[in-house]
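Residue-level structural notes
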Amino acid sequence: MTGGQRRPRSGRGGFSPGTDAGQGGSRQRPDELGALLVQVALGDPDAYAAVYERTAGQVLGIVLSVVRDPAQSEEVAQEVLLDVWRSASRFDPELGSAAAWVMTLAHRRAVDRVRSEQKAAEREQRVASAVIAYDEVTEAVEARLDRERVRRCLGSLTELQRESVTLAYYGGYTYRQVAELLGVAVGTVKTRMRDGLIRLRDCLGVDA
Amino acid sequence: MRRRSDLHALAGAYAMDAVPEPDRAAFERHLASCEPCRQEVRGLREATAALAAATAVQPSAAFRQTALRAAGQTRQFPPATAAPPRRALRRQGRGRRGWRPRLGVALAGAVACVLAVAAVVAGISAYGMHSRLDQDQGHDHAVAMVLGAPDARMMSAPVATGGSATVVMSHRERALVFTAADLRGLPPSESYELWLMGPAGNRPAGMINVSGGGKMAGPMVVSGLSAGDSVGLTVEPAGGSPRPTTPPVVVIPLTG
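The rules behind each value
- Residues numbered from 1 in each chain as written.
- Chains lettered and ligands numbered in written order.
- Predicted model: local features only at pLDDT ≥ 70, side-chain atom pairs only at ≥ 80, totals over all residues.
- Pairing = 2+ DSSP bridges.
- Helix = DSSP H or I, 4+ residues; strand = E, 2+ residues; numbered from the N terminus.
- Axes fitted to C-alpha atoms, helices over the stretch in contact; angles between N-to-C directions.
- Expected span 1.5 Å × (residues − 1).
- Buried ≥ 20, exposed ≤ 12 C-beta atoms within 10 Å, placed from the backbone.
- pLDDT = per-residue confidence, 0-100.
- Contact = placed C-beta atoms within 7 Å.

So, the sheet that holds strand β3 (residues 175-181) of chain B
Residue and element names in this part refer to chain B. Ordered in space as β1-β2-β3-β6, the 4 strands form an open sheet in which the pairing is antiparallel. Of all strands in the sheet, those bounded by a partner on one side alone are β1 (153-158) and β6 (216-223). Mean inter-strand twist for the sheet, computed between neighbouring axes without regard to direction, equals 15°. In the sheet, strand β2 (residues 164-170) pairs with β3 via 7 bridges, with the strands oriented antiparallel. Paired with valine 167 across the two strands is phenylalanine 178, which belongs to β3.

Considering helix α9 (residues 186-204) of chain A
All names here are of chain A. Counted at 1.5 Å a residue, the expected span for α9 with its 19 residues is 27 Å, and the 27 Å between its end C-alpha atoms agrees. Among the residues of α9, those classed as buried are Val189, Lys190, Arg192, Met193, Arg194, Gly196, Leu197, Leu200, Arg201 and Leu204. Just beyond α9, the residue with positive phi is glycine 205, at close to 70°.

So, the pairing of β6(B)
Residues in a regular strand point their side chains to alternate faces of the sheet. All names here are of chain B. Judged by how many residues are buried, β6 sits mostly within the fold: 7 of 8 residues are covered. Pairing analysis gives 6 bridges linking β3 to β6, with the strands arranged antiparallel. Each bridged residue has a counterpart across the sheet, and for valine 177 the counterpart in β6 is valine 221.

Some remarks on the confidence of the model for chain A
All names here are of chain A. Taken residue by residue, chain A gives an average pLDDT of 80. The fraction at 70 or more is 73%. Confidence over residues 1-28 falls short of pLDDT 50; this stretch has 69 contacts with residues more than four positions distant or in other chains. Below a pLDDT of 50 lies the segment residues 126-138, which in the model reaches 25 contacts outside its immediate sequence neighbourhood of four places, other chains included.

Written out as structure tokens, the structure is:
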């Protein structure tokens, strides 16, 4: 993988500062996106375009956080979005929100790409915690509120919980790698990840 | 041997895709039999979705165009029927439910053929995203509704003159999807015609279009089923006939 350097968000090539498209916050009414996915499953291209508008920015964003390399990230994000189209009929609302379904597809693919990379050493360049940097660019109020809510809730975690969660989720590290990076026991990291996510879940008030 | 408490403890790491093989497979096996764990993972995934959303960026117009175009050129996976078709093979392995797209239950060849045809039809329809024929999309929708119905059942039977016929029907939809494979070729003056044969008589249900090499016929949607109906296929003059003029080459009772 080439280049571990982080570029400031507003300077990312190819992504013009946006207002709303693609930056819909995580707090979409769950019914809407799920209902759209049902239409997508029936082959409705307009429904897919609507799903794109609501999810593409988040998909690309999390992939960029994990994969870093812009070209590879675009590739992976395109694969994810195509996956959403192809497997829309497999979305089961009983198993969680449509947003969680899409982001799970995205995060998994991003992590798979990273783990298949040979040069693990270069990944240590990344500063995963800087992902939610303050963004000077104008963005949809809802998106900004979501960011702030996440930042605030992450702030309510202990430092070790926050580090474990950040390294794992944004950094794409396995729990053993996190243990190594933080110099703590594997069992401790597992607990921190779980407790940290539980606290996050409760702080965000997202449904189980 | 992994202790249960160890496995529970992995829920957080798992929800963040931070559990590599072989631990991940072990945890997923555990998940299959632990409903509280599944609940917990579901809830934690809602939290990670929020983490993901916080990193949203604005993709370029070119990125959008690529994504929409790719979808237009890609076939979708068909839905898996919730109720196992009567003669289908049982699903192999543990009953996995989850985020990963399932590639479908292990199906008898005929049902796989029906679904494959439906998927191809859906794919072709999706290819022209601005489809000129609303008919095509209505047809695909009707096929999908039957195949996706929770009470969908499959029945198949050999055709007396060669090939096989398969029906997937749904009582709830009061409709069925008919396909046939390897039908004996007919001269241009003749065609296969489909019938609903019931206690009150025989109703025409459409002419079968046999594609290219005669490999697959249909899928055809027949709706308005009544109690006691069977589906039958006869050979008729090319333009069809209001009444069967030859004995059926296959009859499939729509029982239940």
